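# Structure at a glance
Below, each chain spelled out in residue letters.
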Amino acid sequence: MEETGFDTGLLVSDAGFSGNFLTITGSREGQINRRFEAAMTGVDVEGGARLVRIGTTGDIRGYVGGYFYDAPGSDEILGWKARLEVRPTDYFRFGLSLQDDDTFGTNVIFNVAANFPGTRPRGSTQNQEVLARLGESVARQNNIIVDEQVEFESFNENFTTLVTNPATGQPWQFRHVNPNGGAGDGTFENPAGTIATAVGVAQAGDIVYVQAGTSPGGFTIPDGVQLWSTGPEQQINTVELGTVQLAGSGSGVRTTITDTVTLGNNTILSGFAVTGVTGAGIVATNISNAEIRDSTITSSSEAGIFLGTTTGTVTVTNSSITGEGVAAIAGTNINNVAIANTTITSRNSTTNGISLDTVTGTATFTNSPIIITTPTVNGISVVNATGSISTDSAITITNPAAIGISVANITGSISFTGNNESEITNAGSFGVSLANSPGAIALSGFQISDSGDSGISGENLSNLTLSNNTITTARNEGIALSNTAGTVAIDNNTITDTIGVNAALLPSGQGISLQNVTGTVAITNNTVSGTTGFIPGGLLPLPPSGQGISLLNTAGDVELTISGNRAENNFEDAIAIGLTGTAQGDLTITNNIITSNGTTPGTPIRGDGIFVNLDNAAEADLTISDNQITNNNDDGIDIRMAPVVPPFFPVSGRTPVLRATISNNTIEGQTNGSGINIIIDDNARFDTSIRLNSLTNNSATLPGLNAVTQSTANLCLGLNGNISTTGFQLTQTAGTLRLEDTQQPNNGTVTQTGTITNVPAGTCNEP
């Protein structure tokens, strides 16, 4: 017998609470099939006669007959049959039969048989045939006639099952809390009255499930316990039903907690409003892994969330964190923090708006706007990070007493991506301060305005990217970098209306100011305009105030590219580069638009398009090409070497070396200056190729090109294919001035004064 069973229907209720468990009830309908064979009894009758004789003992016989079979539970079988039997000898027989009935249908059967010895006596005759046949075996039906039968049995059973946690293989267990009058043992039927009561007995793996209301007092969530309210939709994974939403959840009303919640290891807080606390809203110290979601946390005593010595990951999602008079987030010695889809607000903090000290893992702020207003110190402070910190969200910082964003001692990486929606307004000091960090720092998408000091200040850095920022009305500098060695990229920023401040001999008022910055520096695609400066009494500072882009190095080697920028309407030079001491450089200034700088009337005349100054033992290769330099107040390109401006430079013993190519520049409309002005003094050496420049409509009283050697200076000049409406003036006051043979005629008169030596083309050692 073969038995099989299967379900024909399953009715299951929604998961519901019973005691401390989540259960499902239902009914199961099924069917059992039994398949077996029943032996049949009956009668089988046939009769026949010889049809043909074969030899002495052989013959062919024919038979016809019928049969009837029956068995309990089966239909009766009534059928007919006919068969033909051939016996060529007494030893062999062959048979062919045909039978038919309603149960088995029509069947044709062929059979072969042999008998040894035969069935007849030796020497038998035809007359003895009948007698001999009595010795033959009876013809039997060798098959047992059976009927294959099937029985069906249906059943129905009811069941109740505890819902199982697939992660543990154990039933989910709940501790129920009703803050509105519960006083029981934490079962569904008899909930506890406070969260503190429930978490006091909860075990790892339990969920403390809290109805809407207000639960007084603070508490600690034990390790491995989850604290959920009915406010958000709460779902769990189950073995029996997949993902299940808990009954009662999704009300939209967060349960209120009126004091500090302390998180344990591997805990979850979901769906609460933490407010009115006497300390921090949430405290996570000396723990590993915790999650906060769908909650609002507000503190006016300490930070909204305080993190201390955490390992693993602390996650905050779909929440809001507010510090009223305190920081929104404060943390020290943090491993990983992931904050997403959360609003972070700090108002009138007596410290910083956000403070992170010592991040060793990864801290991310994703789609989480940060709003900080009037902190007593900084808006955001990040120090001592060996891991990585990043944000892709809008940051708004207003009226910080000190710095908008302060970053220091970063050996890992930090990236603030403001997406052009971030603002730092009216900082008491720097808009952004970056200091003492060999790690990678990137800042983009910020609008920084009205800062009390530079918009962005960086010192002692190694890897810096500043892009797509807008800096307006900063005091001192828009961007100021100093003592930085490594890689610097300043790209696609807009810097306007920087305010120069008269601070003794310190440079001020630059849109972009670099001092002692070495390594690889790229200043590209920026717009710098509207700087303001001052003209101090007596001697000028070095460099003076109000340049658009400036570099001043006293040592080290810099590979500087200034390309694709627009510098206009600045107080002083559009681009100013000064190398002194032992500084070295590979300088490229190309494809810039430089216009209307130094146009404010004043004495002395100021506002070169490009100003380059080498002094002491400085050495550089310089390329100035493909720039459009128009309508500036002083020279288009002004190159000075070992200038006589005491007491800022010594007057003798200086040996700067410069090799330069100046080509394909358009220089026109310089109001009070030459297109190109070159003055070298002391023991300076300058080798240069000046070719294919257009020097037109500059000062009518000055040459388009003016080159002067003084003292023992050495100038070697190639002059080819240039256009000057006011000619070219070469003056050897002292020292040596050599002029290469012209390979491509210049358009304009070349006037030579003093002793000038003509040398073959290729003599000068320009780059």
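The rules behind the values
Residues numbered from 1 in each chain as written. Predicted model: local features only at pLDDT ≥ 70, side-chain atom pairs only at ≥ 80, totals over all residues. Heavy atoms only, no water. Helix = DSSP H or I, 4+ residues; strand = E, 2+ residues; numbered from the N terminus. Buried < 20%, exposed > 50% of the residue type's maximum accessible area, 1.4 Å probe, protein only. Contact = heavy atoms within 4.5 Å. Areas by Shrake-Rupley, 256 points an atom, 1.4 Å probe, with all protein chains shown as cover. Disulfide = S-S within 2.5 Å. Patch = residues over 30% accessible without salt bridge, like charges linked within 9 Å, V, L, I, M, F, W, Y side chains within 5 Å. Salt bridge = Lys/Arg side-chain N within 4 Å of Asp/Glu carboxyl O. Polar contact = N/O pair within 3.5 Å; in protein donor to acceptor, adjacent residues only side chain to side chain. Phe/Tyr/Trp six-rings, centres within 6.5 Å; stacked < 30°, edge-to-face > 60°. Lys NZ or Arg CZ within 6 Å of the ring centre and 35° of its normal. Pairing = 2+ DSSP bridges. pLDDT = per-residue confidence, 0-100.

When helices and strands are tallied, the chain shows two helices and 64 strands. Burial status across the chain gives 50% buried among its 767 residues. Intrachain contacts of the chain at a sequence separation of at least 6 include 66% that bridge at least 24 residues. As displayed, the chain has an accessible area near 31,500 Å², and 50% of this comes from carbon and sulfur atoms.

The tally for this structure, following the rule as stated, stands at one disulfide. With a sulfur-sulfur separation of 1.9 Å, Cys 716 is cross-linked through a disulfide to Cys 764. Its torsion about the S-S bond being -80 degrees, the disulfide of Cys 716 and Cys 764 is classed as left-handed. Taken together, the positions of Cys 716 in strand S59 (residues 714–720) and Cys 764 in the segment after strand S64 (756–759) put the pair 48 residues apart, joining distant regions of the chain. The class for Cys 716 is buried, based on a relative accessible area of 0%.

On the surface, Leu 51, Val 52, Trp 80, Leu 84, Tyr 91, Phe 92, Phe 94, Leu 96, Leu 98, Val 108, Phe 110 and Val 112 cluster together into a nonpolar patch covering about 1,100 Å² of accessible area. Listing elements by their share of the nonpolar patch, those giving two or more residues are strand S4 (41–54), strand S6 (77–87), strand S7 (92–101) and strand S8 (105–114). Examining the composition of the nonpolar patch, we find that four residues originate from one element, S7, more than from any other. Along the chain, Phe 110 turns up in strand S8.

Turning our attention to the environment of Thr 187. Mapped onto the secondary structure, Thr 187 falls in the loop between strand S10 (174–177) and helix H2 (195–201). We classify Thr 187 as buried; its relative accessible area is 13%. For the pair Thr 187 and Asn 20, spaced 167 residues apart in sequence, the C-alpha separation works out to 5.0 Å. When sequence neighbours within four positions are dropped, the list of residues in contact with Thr 187 reads Gly 19, Asn 20 and His 176. A distance of 3.1 Å separates polar atoms of two side chains, one belonging to Thr 187 and the other to Asp 185. Within the structure, Thr 187 has its side chain in polar contact with the backbone nitrogen of Asn 190 (distance 3.0 Å).

With that out of the way, let us pick up the packing of aromatic side chains. Summed over all chains, the structure comprises four aromatic pairs. Put simply, the rings of Phe 17, Phe 174, Phe 188 and Tyr 209 touch in pairs and so form one group of aromatic residues. Looking at Arg 83, its charged tip hangs above the ring of Tyr 63, at a distance of 4.0 Å from the centre. Stacked on the ring of Phe 571, the Lys or Arg Arg 606 has its end atom at 4.1 Å from the ring centre.

Right, let's talk about the side chain of Ser 513 for a bit. Within the secondary structure, Ser 513 is located in strand S41 (residues 510–524). For Ser 513, the contacting residues outside a window of four places in its chain are Glu 477, Ile 479, Ala 480, Leu 481 and Ser 550.

What follows covers the environment of Val 432. Tracing the chain through its elements places Val 432 in strand S36 (residues 432–449). The spacing of Val 432 and Ser 454 is 22 residues in sequence and 8.0 Å in space, taken between C-alpha atoms. Residues within four places of Val 432 in sequence aside, it is in contact with Ile 403, Ile 405, Ile 424, Leu 443, Ile 448, Gly 455, Ile 456 and Ser 457.

So, about the pairing of strand S46 (residues 575–579). Among the five residues in S46, five count as buried, and that is most of the element. Burial of the side chains of S46 extends over both faces: Ile 575, Ile 577 and Leu 579 are buried on one face and Ala 576 and Gly 578 on the other. The sheet contact formed by strand S43 (residues 549–553) and S46 spans five bridges and is parallel. Bridge pairing in S46 places Leu 552 opposite Gly 578. As paired strands, S46 and strand S49 (residues 610–614) are joined by five bridges and run parallel to one another. Residue pairing for S49: Ile 577 is matched across the bridge by Val 612.

As defined by bridge partners, strand S25 (residues 320–324) adjoins strand S27 (residues 343–347) across five bridges and the pair is classed as parallel. When the sheet's bridge partners are listed, Thr 322 is paired in S27 with Thr 345. For S27 and strand S30 (residues 370–373), the ladder comprises four bridges, and the chain directions are parallel. The partner of Ser 346 across the bridge, within S30, is Ile 372.

Turning our eyes to something else, we now look at the environment of Arg 691. Considering the arrangement of structural elements, one finds Arg 691 in strand S56 (residues 685–691). Contacts of Arg 691, omitting those with residues within four sequence positions, involve Thr 661, Ile 662, Ser 663, Asn 664, Asn 720 and Asn 722. A polar contact is formed between the side chain of Arg 691 and the side chain of Ser 689, at a distance of 2.8 Å.

Even without being a glycine, Asn 348 presents a positive backbone phi close to 55 degrees. Structurally, Asn 348 can be placed in the loop between S27 and strand S28 (354–359). For Asn 476, which is not glycine, the phi torsion reads 80 degrees and is therefore positive. On the secondary structure map, Asn 476 appears in the loop between strand S38 (470–472) and strand S39 (477–491).

Per the stated rule, a full pass over the model turns up 14 salt bridges. For the salt bridge of Asp 615 with Arg 654, the shortest nitrogen-to-oxygen distance reads 2.9 Å. In this pair, Asp 615 is assigned in the loop between S49 and strand S50 (619–625) and Arg 654 in the loop between strand S52 (637–641) and strand S53 (657–663), connecting sequence segments 39 residues apart. Of the residues examined, Asp 615 reaches a relative accessible area of 0% and is grouped as buried.

Let's shift gears to the side chain of Thr 518. On the secondary structure map, Thr 518 appears in strand S41. For Thr 518, a relative accessible area of 14% puts it in the buried group. When residues no more than four places from it in sequence are discounted, the contact partners of Thr 518 are Thr 484, Ala 485, Gly 486, Asn 553, Ala 555, Gly 556, Asp 557 and Val 558.

Mean pLDDT for the chain: 89, with 86% of residues reaching 70 or above. Between residues 538–542, whose pLDDT stays under 50, and residues either more than four places distant or in other chains, the model counts twelve contacts.

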